[in-house]
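Given next are the chains, with one letter for each unit.
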Amino acid sequence: MNTNYNKITVSKDALEKLSKASDIVSSIVIPEDIPHGDMPGDKIEIGESHIAKAKTIFPILVKELQAKMSANPYSRAVVAVCGGSGVGKSEIASLLSYMLETAGIGSYTMSGDNYPHRIPMYNDAERLHTFRKCGIRGMVDAGVMNPENAEKIRELQRAEDDANKAHLDTDTWFRSYFEAGSKGLNDYLGTPNETDFEEVDQIMKAFKDGADKLYLKRMGRDEASLWYDEVDLSNKNVLIVEWTHGNSDYMSQVDVPVLLNSTPEETLEHRRSRNRDGKLDSPFTMLVLELEQKKLVDQAHKAKIIISKAGDIISYDEFKKLMGI
(Lines give C-alpha, C1' and ligand atoms only; values in the text may rest on other atoms or scores of the structure.)
Protein backbone atom coordinates (compact mmCIF):
# COMPACT_ATOMS: atom_id res chain seq x y z
CA MET A 1 0.00 0.00 0.00
CA ASN A 2 1.10 3.58 -0.78
CA THR A 3 3.82 2.40 -3.13
CA ASN A 4 2.22 3.65 -6.36
CA TYR A 5 1.58 7.39 -6.55
CA ASN A 6 2.03 10.49 -8.64
CA LYS A 7 4.64 13.00 -7.53
CA ILE A 8 4.30 16.70 -6.83
CA THR A 9 6.08 19.36 -8.85
CA VAL A 10 9.34 20.38 -7.22
CA SER A 11 9.16 23.84 -5.63
CA LYS A 12 11.57 25.70 -3.37
CA ASP A 13 9.03 28.29 -2.17
CA ALA A 14 8.65 26.47 1.14
CA LEU A 15 12.30 26.99 2.02
CA GLU A 16 12.01 30.73 1.49
CA LYS A 17 8.87 30.87 3.60
CA LEU A 18 10.53 28.73 6.25
CA SER A 19 13.32 31.30 6.62
CA LYS A 20 10.70 33.86 7.69
CA ALA A 21 8.47 31.52 9.69
CA SER A 22 9.77 32.26 13.19
CA ASP A 23 9.26 36.01 12.75
CA ILE A 24 5.76 35.53 11.34
CA VAL A 25 4.69 33.24 14.18
CA SER A 26 6.41 35.08 17.05
CA SER A 27 3.35 37.23 17.79
CA ILE A 28 0.69 34.80 16.61
CA VAL A 29 -2.65 34.69 18.42
CA ILE A 30 -4.06 31.17 18.50
CA PRO A 31 -7.83 31.02 17.91
CA GLU A 32 -9.97 28.78 20.09
CA ASP A 33 -10.72 26.26 17.36
CA ILE A 34 -7.80 25.29 15.14
CA PRO A 35 -7.68 22.30 12.75
CA HIS A 36 -6.73 19.01 14.39
CA GLY A 37 -5.13 15.91 12.96
CA ASP A 38 -6.69 12.51 12.33
CA MET A 39 -6.48 11.34 15.95
CA PRO A 40 -9.07 8.57 16.53
CA GLY A 41 -11.69 9.84 18.97
CA ASP A 42 -9.34 12.09 20.90
CA LYS A 43 -10.67 14.94 22.97
CA ILE A 44 -8.48 17.92 22.07
CA GLU A 45 -8.34 20.72 24.63
CA ILE A 46 -5.66 23.28 23.89
CA GLY A 47 -4.58 25.27 26.92
CA GLU A 48 -2.12 28.05 27.60
CA SER A 49 0.60 25.56 28.58
CA HIS A 50 0.29 23.82 25.22
CA ILE A 51 0.53 27.13 23.37
CA ALA A 52 3.56 28.19 25.41
CA LYS A 53 5.35 24.91 24.69
CA ALA A 54 4.54 25.04 20.98
CA LYS A 55 5.87 28.60 20.74
CA THR A 56 9.05 27.50 22.53
CA ILE A 57 9.52 24.53 20.23
CA PHE A 58 8.69 26.30 16.97
CA PRO A 59 11.86 28.37 16.27
CA ILE A 60 14.07 25.38 17.03
CA LEU A 61 11.88 23.16 14.87
CA VAL A 62 12.21 25.65 12.02
CA LYS A 63 16.01 25.39 12.13
CA GLU A 64 15.82 21.60 12.09
CA LEU A 65 13.37 21.69 9.18
CA GLN A 66 15.58 24.03 7.18
CA ALA A 67 18.35 21.44 7.14
CA LYS A 68 16.08 18.46 6.45
CA MET A 69 13.90 20.13 3.81
CA SER A 70 16.93 21.53 2.02
CA ALA A 71 18.28 18.01 1.64
CA ASN A 72 14.98 16.62 0.30
CA PRO A 73 14.32 17.01 -3.46
CA TYR A 74 10.68 17.89 -2.74
CA SER A 75 11.42 20.20 0.22
CA ARG A 76 9.64 17.81 2.55
CA ALA A 77 10.32 16.48 6.04
CA VAL A 78 8.70 14.32 8.71
CA VAL A 79 8.37 15.47 12.31
CA ALA A 80 7.38 13.12 15.16
CA VAL A 81 5.86 14.56 18.33
CA CYS A 82 6.25 11.81 20.91
CA GLY A 83 5.80 11.34 24.64
CA GLY A 84 3.75 9.50 27.22
CA SER A 85 0.04 8.89 26.75
CA GLY A 86 -1.97 12.03 27.45
CA VAL A 87 1.05 14.34 27.74
CA GLY A 88 -0.27 16.74 25.11
CA LYS A 89 1.05 15.31 21.84
CA SER A 90 -2.20 15.86 19.94
CA GLU A 91 -2.51 19.45 21.13
CA ILE A 92 1.09 20.46 20.49
CA ALA A 93 1.26 18.67 17.12
CA SER A 94 -1.90 20.53 16.05
CA LEU A 95 -0.41 23.83 17.21
CA LEU A 96 2.88 23.27 15.39
CA SER A 97 0.98 22.36 12.23
CA TYR A 98 -1.17 25.48 12.56
CA MET A 99 1.92 27.66 13.01
CA LEU A 100 3.56 26.18 9.92
CA GLU A 101 0.39 26.73 7.90
CA THR A 102 0.21 30.33 9.14
CA ALA A 103 3.74 30.84 7.85
CA GLY A 104 2.69 29.47 4.45
CA ILE A 105 4.25 26.01 4.87
CA GLY A 106 1.79 23.21 4.24
CA SER A 107 1.54 20.75 7.11
CA TYR A 108 -0.54 17.64 7.85
CA THR A 109 -0.92 16.01 11.27
CA MET A 110 -1.24 12.23 11.35
CA SER A 111 -1.82 10.04 14.39
CA GLY A 112 0.11 6.82 14.91
CA ASP A 113 -2.79 5.63 17.09
CA ASN A 114 -4.57 4.62 13.89
CA TYR A 115 -2.03 1.88 13.17
CA PRO A 116 -2.22 -0.87 15.80
CA HIS A 117 -3.17 -4.28 14.44
CA ARG A 118 -6.27 -4.32 16.65
CA ILE A 119 -8.99 -1.78 17.47
CA PRO A 120 -8.55 -0.21 20.94
CA MET A 121 -10.79 -2.57 22.93
CA TYR A 122 -9.12 -5.65 21.46
CA ASN A 123 -5.64 -4.20 21.82
CA ASP A 124 -6.30 -3.40 25.48
CA ALA A 125 -7.52 -6.98 25.94
CA GLU A 126 -4.45 -8.37 24.17
CA ARG A 127 -2.16 -6.34 26.42
CA LEU A 128 -3.83 -7.76 29.53
CA HIS A 129 -3.93 -11.30 28.13
CA THR A 130 -0.23 -11.11 27.26
CA PHE A 131 0.66 -9.97 30.77
CA ARG A 132 -1.37 -12.74 32.40
CA LYS A 133 -0.33 -15.51 30.03
CA CYS A 134 3.36 -14.72 30.48
CA GLY A 135 2.90 -14.31 34.23
CA ILE A 136 1.36 -17.77 34.59
CA ARG A 137 4.14 -19.31 32.51
CA GLY A 138 6.64 -17.53 34.75
CA MET A 139 5.13 -19.20 37.80
CA VAL A 140 5.48 -22.60 36.14
CA ASP A 141 9.10 -21.93 35.18
CA ALA A 142 9.88 -20.79 38.74
CA GLY A 143 8.31 -23.92 40.25
CA VAL A 144 5.69 -22.00 42.25
CA MET A 145 2.57 -23.10 40.38
CA ASN A 146 0.34 -25.01 42.80
CA PRO A 147 -3.42 -25.00 43.52
CA GLU A 148 -3.11 -22.47 46.35
CA ASN A 149 -1.09 -19.94 44.35
CA ALA A 150 -3.19 -20.48 41.23
CA GLU A 151 -6.36 -19.65 43.18
CA LYS A 152 -4.70 -16.57 44.65
CA ILE A 153 -3.79 -15.34 41.16
CA ARG A 154 -7.35 -15.94 39.97
CA GLU A 155 -8.65 -13.85 42.88
CA LEU A 156 -6.26 -11.04 42.00
CA GLN A 157 -7.22 -11.22 38.34
CA ARG A 158 -10.93 -11.07 39.13
CA ALA A 159 -10.23 -8.01 41.29
CA GLU A 160 -8.04 -6.56 38.50
CA ASP A 161 -5.24 -6.27 41.03
CA ASP A 162 -2.76 -8.79 39.63
CA ALA A 163 -0.39 -6.08 38.35
CA ASN A 164 -0.13 -4.48 41.77
CA LYS A 165 3.50 -4.25 42.92
CA ALA A 166 2.37 -4.20 46.55
CA HIS A 167 1.94 -7.98 46.41
CA LEU A 168 5.69 -8.34 45.92
CA ASP A 169 6.09 -7.47 49.60
CA THR A 170 3.56 -10.00 50.87
CA ASP A 171 3.88 -13.05 48.62
CA THR A 172 7.40 -14.07 47.63
CA TRP A 173 6.15 -16.40 44.89
CA PHE A 174 4.25 -13.46 43.27
CA ARG A 175 7.52 -12.04 41.93
CA SER A 176 7.74 -14.78 39.29
CA TYR A 177 4.25 -13.90 38.03
CA PHE A 178 4.78 -10.14 38.02
CA GLU A 179 8.25 -10.11 36.47
CA ALA A 180 7.44 -12.63 33.72
CA GLY A 181 4.16 -10.86 32.97
CA SER A 182 5.90 -7.48 32.81
CA LYS A 183 8.55 -8.81 30.45
CA GLY A 184 5.94 -10.34 28.16
CA LEU A 185 3.96 -7.10 28.16
CA ASN A 186 7.10 -5.09 27.47
CA ASP A 187 7.87 -7.34 24.49
CA TYR A 188 4.40 -6.51 23.11
CA LEU A 189 4.04 -2.78 23.79
CA GLY A 190 5.36 -0.53 21.03
CA THR A 191 6.64 -3.42 18.90
CA PRO A 192 5.53 -4.87 15.55
CA ASN A 193 3.46 -7.39 17.56
CA GLU A 194 1.18 -4.50 18.55
CA THR A 195 1.56 -1.98 15.74
CA ASP A 196 2.09 -1.91 11.98
CA PHE A 197 5.28 0.17 12.00
CA GLU A 198 6.06 -0.95 8.46
CA GLU A 199 2.90 0.72 7.14
CA VAL A 200 3.64 3.97 9.00
CA ASP A 201 7.23 3.98 7.75
CA GLN A 202 6.03 3.47 4.16
CA ILE A 203 3.66 6.44 4.46
CA MET A 204 6.50 8.67 5.63
CA LYS A 205 8.82 7.35 2.92
CA ALA A 206 6.24 7.99 0.19
CA PHE A 207 5.58 11.48 1.52
CA LYS A 208 9.28 12.36 1.36
CA ASP A 209 9.42 10.82 -2.12
CA GLY A 210 6.95 13.45 -3.33
CA ALA A 211 3.64 11.52 -3.23
CA ASP A 212 0.75 13.82 -4.06
CA LYS A 213 -1.94 11.64 -2.45
CA LEU A 214 -1.77 8.82 0.08
CA TYR A 215 -4.25 6.45 1.68
CA LEU A 216 -4.29 6.94 5.44
CA LYS A 217 -5.93 4.59 7.90
CA ARG A 218 -8.81 5.62 10.13
CA MET A 219 -9.65 3.65 13.25
CA GLY A 220 -12.56 4.19 15.61
CA ARG A 221 -13.34 2.29 18.77
CA ASP A 222 -15.57 -0.45 17.33
CA GLU A 223 -15.31 -3.13 14.66
CA ALA A 224 -17.30 -1.14 12.10
CA SER A 225 -15.05 1.91 12.35
CA LEU A 226 -12.09 0.97 10.19
CA TRP A 227 -11.42 2.47 6.77
CA TYR A 228 -8.94 4.42 4.60
CA ASP A 229 -9.19 7.97 3.29
CA GLU A 230 -7.29 9.20 0.28
CA VAL A 231 -5.63 12.38 1.54
CA ASP A 232 -4.39 15.12 -0.78
CA LEU A 233 -0.89 16.07 0.35
CA SER A 234 0.12 17.91 -2.82
CA ASN A 235 0.48 21.23 -1.00
CA LYS A 236 2.08 19.84 2.17
CA ASN A 237 5.76 20.12 3.01
CA VAL A 238 5.73 18.80 6.56
CA LEU A 239 4.13 15.61 7.85
CA ILE A 240 3.74 15.68 11.63
CA VAL A 241 3.21 12.28 13.26
CA GLU A 242 1.90 12.53 16.82
CA TRP A 243 2.39 9.26 18.66
CA THR A 244 3.79 7.74 21.82
CA HIS A 245 6.06 5.59 19.64
CA GLY A 246 7.04 8.35 17.20
CA ASN A 247 10.74 7.98 18.09
CA SER A 248 10.74 4.19 17.85
CA ASP A 249 13.68 2.24 16.46
CA TYR A 250 11.15 0.37 14.29
CA MET A 251 10.85 3.42 12.01
CA SER A 252 13.51 4.88 9.76
CA GLN A 253 11.88 7.89 8.10
CA VAL A 254 11.44 10.39 10.96
CA ASP A 255 13.61 13.47 10.42
CA VAL A 256 12.91 15.50 13.56
CA PRO A 257 11.78 13.64 16.71
CA VAL A 258 10.34 16.02 19.33
CA LEU A 259 10.05 14.54 22.83
CA LEU A 260 7.51 15.92 25.28
CA ASN A 261 8.90 14.73 28.57
CA SER A 262 6.80 13.70 31.55
CA THR A 263 6.81 11.18 34.39
CA PRO A 264 4.20 8.37 34.54
CA GLU A 265 2.48 10.28 37.36
CA GLU A 266 2.26 13.43 35.24
CA THR A 267 1.01 11.39 32.31
CA LEU A 268 -1.70 9.84 34.47
CA GLU A 269 -2.89 13.28 35.57
CA HIS A 270 -3.21 14.32 31.92
CA ARG A 271 -5.19 11.17 31.17
CA ARG A 272 -7.55 11.90 34.07
CA SER A 273 -8.26 15.37 32.72
CA ARG A 274 -9.06 13.90 29.30
CA ASN A 275 -11.02 10.91 30.67
CA ARG A 276 -9.51 8.49 28.17
CA ASP A 277 -10.18 5.30 30.18
CA GLY A 278 -12.64 4.04 32.70
CA LYS A 279 -9.89 2.69 34.97
CA LEU A 280 -7.18 5.29 34.70
CA ASP A 281 -5.17 4.49 37.79
CA SER A 282 -5.56 0.71 37.90
CA PRO A 283 -2.33 -1.17 38.66
CA PHE A 284 -2.28 -2.54 35.12
CA THR A 285 -2.67 0.92 33.55
CA MET A 286 0.16 2.21 35.71
CA LEU A 287 2.35 -0.71 34.63
CA VAL A 288 1.66 0.05 30.96
CA LEU A 289 2.56 3.71 31.51
CA GLU A 290 5.78 2.78 33.30
CA LEU A 291 6.86 0.40 30.53
CA GLU A 292 6.03 2.96 27.85
CA GLN A 293 7.97 5.57 29.79
CA LYS A 294 11.03 3.33 29.88
CA LYS A 295 10.88 2.92 26.12
CA LEU A 296 10.66 6.69 25.71
CA VAL A 297 13.68 7.14 27.97
CA ASP A 298 15.66 4.51 26.07
CA GLN A 299 14.91 6.27 22.77
CA ALA A 300 15.37 9.84 24.03
CA HIS A 301 18.98 10.11 22.82
CA LYS A 302 17.66 10.31 19.24
CA ALA A 303 15.35 13.29 19.90
CA LYS A 304 16.32 16.52 18.17
CA ILE A 305 14.22 18.58 20.58
CA ILE A 306 13.33 17.71 24.18
CA ILE A 307 10.97 19.90 26.18
CA SER A 308 10.34 19.39 29.89
CA LYS A 309 6.98 19.31 31.66
CA ALA A 310 7.78 22.84 32.86
CA GLY A 311 8.15 23.99 29.26
CA ASP A 312 11.93 24.33 29.06
CA ILE A 313 14.07 23.09 26.18
CA ILE A 314 16.62 20.70 27.68
CA SER A 315 19.62 18.80 26.38
CA TYR A 316 19.87 15.03 26.50
CA ASP A 317 22.31 15.32 29.41
CA GLU A 318 19.82 17.52 31.27
CA PHE A 319 17.09 15.02 30.43
CA LYS A 320 19.13 12.18 31.94
CA LYS A 321 19.73 14.19 35.09
CA LEU A 322 16.03 15.09 35.33
CA MET A 323 15.06 11.43 34.93
CA GLY A 324 17.73 10.19 37.35
CA ILE A 325 19.67 8.11 34.85
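Above this text you will find the structure in question.
So, here's what we can say about the structure.

Thresholds, definitions, all that
- Residue positions are given per chain, counted from 1 along the sequence in the order it is written.
- In keeping with the predicted nature of the model, local features appear solely for residues at pLDDT of at least 70, side-chain atom pairs appear and are counted solely at 80 or more, and the whole-chain, interface and lining totals rest on all residues.
- Hydrogens and water molecules were not included; the side-chain quantities draw on all heavy atoms of the structure.
- Only buried residues count toward a nonpolar core, which is a set of Ala, Val, Leu, Ile, Met, Phe, Trp, Tyr and Cys residues joined through side-chain atoms within 4.5 Å.
- The buried label applies to any residue whose accessible area, calculated with a 1.4 Å probe on protein chains only, is under 20% of its type's maximum; exposed applies above 50%, and partly exposed to all values in between.
- Every helix listed is a DSSP run of H or I at least four residues long, and every strand listed is a run of E at least two residues long, numbered separately from the N terminus.
- Contact definition: two residues touch when any of their heavy atoms are within 4.5 Å.
- To estimate the expected span of a helix, count its residues, drop one, and scale the result by 1.5 Å.
- Strand pairing is defined by DSSP finding a minimum of two bridges between the two strands.
- Note on definitions: angles span 0 to 180 degrees between N-to-C directions of axes, and those axes are lines fitted to C-alpha atoms, for helices only across the stretch in contact.

Turning our attention to the nonpolar core. Among the nonpolar cores identified, the biggest contains 34 residues, and I57, L65, V79 and L96 are the most heavily contacted of them. Elements with a contribution of two residues or more to this core: helix 1 (13-25), helix 2 (48-71), strand 1 (77-83), helix 3 (89-102), strand 5 (238-242), strand 6 (256-260) and strand 7 (305-307). Ranked by residue count, the leading element in this core is helix 2, at eight residues. Among all residues touching L65, those that are not within four sequence positions of it are L18, S70, A77, V79, L100, V238 and V256. Counting residues in hydrophobic clusters, the runner-up holds 21 residues, among them A80, F197, A206 and L233.

Here we come to helix 7 (residues 197-208). Taking 1.5 Å of rise per residue, 12 residues should cover 16 Å, and helix 7 covers 17 Å from first to last C-alpha, within 8% of that figure. The element helix 7 is extensively covered by neighbouring structure, given that nine of its 12 residues are classed as buried. Every buried residue belonging to helix 7 is among F197, E199, V200, D201, I203, M204, A206, F207 and K208, and all of these are buried. Lining the buried residues of helix 7 we find strand 1, strand 2 (107-111), strand 3 (213-219), strand 4 (226-232) and strand 5. Phi for G210, located one or two positions after helix 7, is positive at around 90 degrees.

Turning our eyes to something else, we now look at the sheet that holds strand 1. If you trace the five strands from one edge of the open sheet to the other, you get 2-5-1-6-7, paired in parallel fashion. Taken across any chain shown, the strands that pair with only one partner, and hence form the sheet edges, are strand 2 and strand 7. Strand-to-strand, the axes of this sheet are offset by a mean angle of 20 degrees, without reference to chain direction. For strand 1 and strand 5, the ladder comprises five bridges, and the chain directions are parallel. Looking at strand 5, one finds that V79 is bridged to I240. Against the sheet, helix 3 makes contact with strand 1, strand 2, strand 5 and strand 6, and its axis sits at roughly 170 degrees relative to strand 5, the strand it touches most. Sheet strands touched by helix 7: strand 1, strand 2 and strand 5. Its angle to strand 5, the strand with the most contacts, is close to 165 degrees.

Turning to unusual backbone geometry, a few remarks are in order. Its identity is not glycine, yet N2 carries a phi of approximately 60 degrees, on the positive side. With respect to the secondary-structure elements, N2 resides in the segment before helix 1. By relative accessible area, which is 9% here, N2 ends up buried. Its identity as a non-glycine residue notwithstanding, S75 has a phi of 55 degrees, on the positive side. Mapped onto the secondary structure, S75 falls in the loop between helix 2 and strand 1.

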